[in-house]
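# Descriptive structure summary
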Amino acid sequence: MIEHRGIVSLVKDDSVMPLGPDDILLSTASPSFDVAPFEFWAMLLNGGLLVLCDHDTLLNASLLKEEIRRRKVNKMWFTTSWFNQLLDRDINLFQGLDTVIIGGEKLSGPHIYQLRKAYPHLIILNGYGPTENSTYSTTFSVGAAYQGGEVPVGRPFKYRTAYILDDRQQLLPIGVTGEIYVGGAGLARGYWNQPALTEQRFIQVHLNNGVNARVYKTGDRGRWLPDGNIEYLGRLDGQVKIRGHRIEAGEIEAAIQGSGLVRQTIVTVRLGKDSQPRLVGYVVPDGRFDRQALRDHLRQCLPDYMIPVQWVEMTAFPLTGNGKTDLRRLPDPEDDAYIQDGYQAPQSDLEIRLAATWEELLGVTPIGLSDNFFSLGGHSLLLFPLADRLRRLGYPLAFKTLLAHPTIAQLAAHLERQEKKIAGARQEGIRIMHGSEEAPPLFLLPGSPGFTEPYEVLAGNLGERFCIYGVALNELPLSLDIRGAVDLVLEQIRQAQPNGPYRFIGHSFGADIAFDLTRRLEDNGACVDFVVLLDASARKPDLLEPGDGSIVDPRLSTLLHALLANHQCFLPPDWAETWMRETREMTKEDRLSFLVYHIASATGLRDKRLLRALHARLVHSAMPYQAVGMAKASLIVVRAEEEDWRGYGEFLGWQDHTRDVRAISAPGNHSSLVDEANGPLLAKRLAEHFPAANRNTKS
């Protein structure tokens, strides 16, 4: 039972950290976790901004980093295990933060040192304290001089007290180990409807310095350091912490005994092969040991994090000389100590690859089709590396998909269904370039010649917010006009996404198609969220028609030289004069074919793929374009900084075709703005202008 003053004293008057109206805090705690009141009221009572986001975002480093940047977050709280995983995955995630609080478990010195070294000006706080004293009781600020090693839990902050007492509840001197007691304005009244436990843990002490105080008996061991900070030294009782959850081993043992399936039991914590703590249950069964029946019983009375993931069956527990159980002689669990629902060997190539991935990650062998990821010791923090490994196998998956399919058989079946679902779209030239199929789709329509490969860097840097589909345009019949191209592309896109809202990125010729697709979809009642138009204007002249009837359009020369220079091919100085003279009486189609033939002859170019790409590029460039009508969707116009767009205006003419248009610039020229050097910055600038996407709109 926490009083209002406990929370107020926690977040006001700079108790834990300076807080004010300029602060933006991204909430990471579950609403039922004791840190949630600190996060909520720290902002609400100090005029700051509290940012909420979904579970998938918090568990995905790429999405979380994007959310921190987009919302300009400067303060965050992390559990120790989660912080360690995020730091190992992407240390750049912490860029832009000015204060972080880490706690819930003992801090890892190497991880803290790595963060301290990378961000010298970042305030790093180790927050310690039980829920019974309103979240935090002490804090330690990791200073610039920190060189690694143990991180103290600090000293009590304003309105909090802390004591190190002996068995007689008297003060101990510096360096002597005792029990940590905490109190002050955050102290709870007690436990709701548990007077006996309240009397046991909330006590009145009369200290040998004359102080009389009501305090909470934490059960934690600690000692004062010479510099006035407290060093945490572990627990005095059977209480353990698993991923921030405080667990009483005795409570689990009582639940196991209550099953009627065992005669004796001991629950303890052992480190797995991944060095993560796991609950292990040792049992002396009453007859044949039915692990699955025991687990089913525990599910009825305990939360998942309190159910042991490994079991060791014994005929008797080892004893010490005085007849007590000798915990040090309990054997280490074997691999088959994990709960497995009857081993079924993986059969298909996909099942075998998935099982091998799980075995590597969990350190368990063998893993069968019906084995549950979480029963084998998996937990939400392990979804990070699992998603990474699956992505490298070619299966980008959202965390909610992994949670919903926790066995090899279920996950393999889901992936096979997804493969069949998009197989038709892939055959028609659509493929997933980046992201999870559970994320909202974003279709990328490339510029001429229509290959999606040059856009890999851009797609890979757009984060996990969208599933990026590349729509290849290189196989479009060259005889198609823009309307025919839209007809064909629309049919392909609807195979991947039957219903809206739709989102597009179009480059050059792909931008023409993207806008006309948007108009077509909106006319048919579909919703288009936004369209990104990369280096494309709303009006495009015919480059194959000479400007004054006698000279080649300079933009055509620039286009040809840029395309051929990438392949170390160069046009002779008289190419334009020869082409104009020889083709004066030809139709436009024949003039174009002759131009490609002339280029091949003049340069010695024999690469058929390149020649076809050149032909397609010229066809699309020769296709005059004029945007028509008004779109309801937001238009994001991107200008390449190295291109000369003088005379086109800031929005390149697109302001006449929507009421919601914004313009940004990106480094590079018409082609290089999406390459390895410029693509990441373009992705970053686009992410800052994307409207909020509804994650639940994919059909």
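Given the structure is predicted, the values throughout are model-derived calculations rather than measurements.

The rules behind these values
- Residues numbered from 1 in each chain as written.
- Predicted model: local features only at pLDDT ≥ 70, side-chain atom pairs only at ≥ 80, totals over all residues.
- Heavy atoms only, no water.
- Pairing = 2+ DSSP bridges.
- Helix = DSSP H or I, 4+ residues; strand = E, 2+ residues; numbered from the N terminus.
- Axes fitted to C-alpha atoms, helices over the stretch in contact; angles between N-to-C directions.
- Right-handed = clockwise from strand over helix to strand, strands pointing away.
- Phe/Tyr/Trp six-rings, centres within 6.5 Å; stacked < 30°, edge-to-face > 60°.
- Buried < 20%, exposed > 50% of the residue type's maximum accessible area, 1.4 Å probe, protein only.
- Contact = heavy atoms within 4.5 Å.
- Parallel < 35°, antiparallel > 145°, perpendicular 65-115°, else oblique.
- Nonpolar A, V, L, I, M, F, W, Y, C, P; charged D, E, K, R; others polar.
- Polar contact = N/O pair within 3.5 Å; in protein donor to acceptor, adjacent residues only side chain to side chain.
- Core = buried A, V, L, I, M, F, W, Y, C linked by side-chain atoms within 4.5 Å.

### A short note on the sheet that holds strand β16 (residues 277-285)
Read across the open sheet, the three strands follow the order β15-β16-β17; overall the sheet is mixed. Each edge of the open sheet carries a strand with a single partner, namely β15 (262-271) and β17 (310-313). Recorded for the sheet is a direction-independent mean angle of 25 degrees between the axes of neighbouring strands. Bridge analysis of β15 against β16 gives nine bridges, and the strand direction is antiparallel. Paired with Thr268 across the strands is Val280, a residue of β16.

### What to know about the pairing of β17
Judged from the four bridges that link them, β16 and β17 form a sheet pairing that is parallel. Residue pairing for β17: Val280 is matched across the bridge by Gln310. Following the backbone out of β16, through helix α9 (residues 291-301) and into the adjacent parallel β17, one traces a crossover that is right-handed.

### Some remarks on the packing of aromatic side chains
Applying the stated criterion across every chain, the model contains 18 aromatic pairs. Centre to centre, the rings of Phe38 and Tyr136 are 5.5 Å apart; their planes meet at 80 degrees, and the pair counts as edge-to-face. With Phe38 in helix α2 (residues 35-44) and Tyr136 in the loop between β5 (123-128) and β6 (138-141), the pair connects residues that are 98 residues apart, well separated along the chain. Each of the two residues, Phe38 as well as Tyr136, counts as buried. Relative to Tyr232, the ring of Tyr128 lies with its centre 6.2 Å away and its plane at 45 degrees, an arrangement referred to as tilted. On the criterion of sequence distance, the pair formed by Tyr128 in strand β5 and Tyr232 in strand β12 (residues 230-235) is long-range, its members being 104 residues apart. For Tyr128, a relative accessible area of 10% puts it in the buried group. For Tyr232, a relative accessible area of 25% gives the class partly exposed. Aromatic rings pair up to connect Phe78, Trp82, Phe83 and Phe94 into one cluster.

### A short note on the environment of Gly20
Structurally, the position occupied by Gly20 is in the loop between α1 (4-11) and β1 (24-26). Looking at Gly20, the relative accessible area reads 12%, which means it is buried. As a C-alpha pair, Gly20 and Asn46 span 26 residues in sequence and 5.1 Å in three-dimensional space. Aside from chain neighbours lying at most four places away, what touches Gly20 is Asn46, Gly47 and Gly48.

### Overview of the packing of helix α15 (residues 482-496) against helix α16 (residues 509-523)
Running from amino to carboxyl end, α15 crosses α16 at an angle of 70 degrees, the nearest separation of the two axes being 9 Å. Judged on the interaxial angle alone, α16 and α15 are roughly perpendicular. Contact residues: α15 offers Ile482, Arg483, Ala485, Val486, Asp487, Val489, Leu490, Ile493 and Arg494, while α16 offers Phe509, Asp512, Ile513, Asp516, Leu517, Arg520 and Leu521. Classifying every residue of the contact of α15 with α16 gives 10 nonpolar, no polar and six charged.

### Observations concerning the environment of His379
Topologically, His379 is positioned in the loop between α10 (349-362) and α11 (383-392). In this structure His379 comes out as buried when scored by relative accessible area, which is 5%. A sequence separation of 74 residues divides His379 from Tyr305, and the C-alpha atoms of the two residues are 8.7 Å apart.

### Notes on the side chain of Asp90
Considering the arrangement of structural elements, one finds Asp90 in the loop between α5 (80-89) and β4 (99-103). Of note is the side chain of Asp90, whose polar atom sits 3.0 Å from the backbone nitrogen of Asn92.

### Description of the nonpolar core
It is characteristic of soluble globular proteins that their nonpolar side chains tend to be buried jointly. Counting 40 residues, the largest nonpolar core has Leu445, Ile493, Phe504, Ile513, Leu517 and Trp654 as the members making the most contacts within it. For this core, the secondary structure elements donating two or more residues are β18 (430-434), β19 (441-445), β20 (467-471), α15, β21 (502-507), α16, β22 (528-534) and β25 (634-640). Ignoring sequence-local partners within four residues, the contact set of Trp654 consists of Phe515, Leu533, Ala536, Ser537, Ala538, Tyr625, Ala627, Leu635 and Val637. Judged by nonpolar contacts, the second largest core, of 30 residues, contains Leu58, Phe78, Leu115 and Tyr146.

### So, the sheet that holds β22
The seven strands are arranged β18-β20-β19-β21-β22-β25-β26 in an open sheet whose pairing can be described as mixed. Strand pairing shows two members of the sheet lacking a second neighbour, β18 and β26 (661-666), which therefore form its edges. Neighbour to neighbour, the strand axes of the sheet diverge by 25 degrees on average, direction disregarded. Pairing geometry for β22 and β25, over five bridges, is parallel. Of the residues in β25, the one forming a bridge with Val532 is Ile636. Along the sheet face, helix α21 (residues 679-687) touches β21, β22, β25 and β26 and points at about 160 degrees away from the line of β26.

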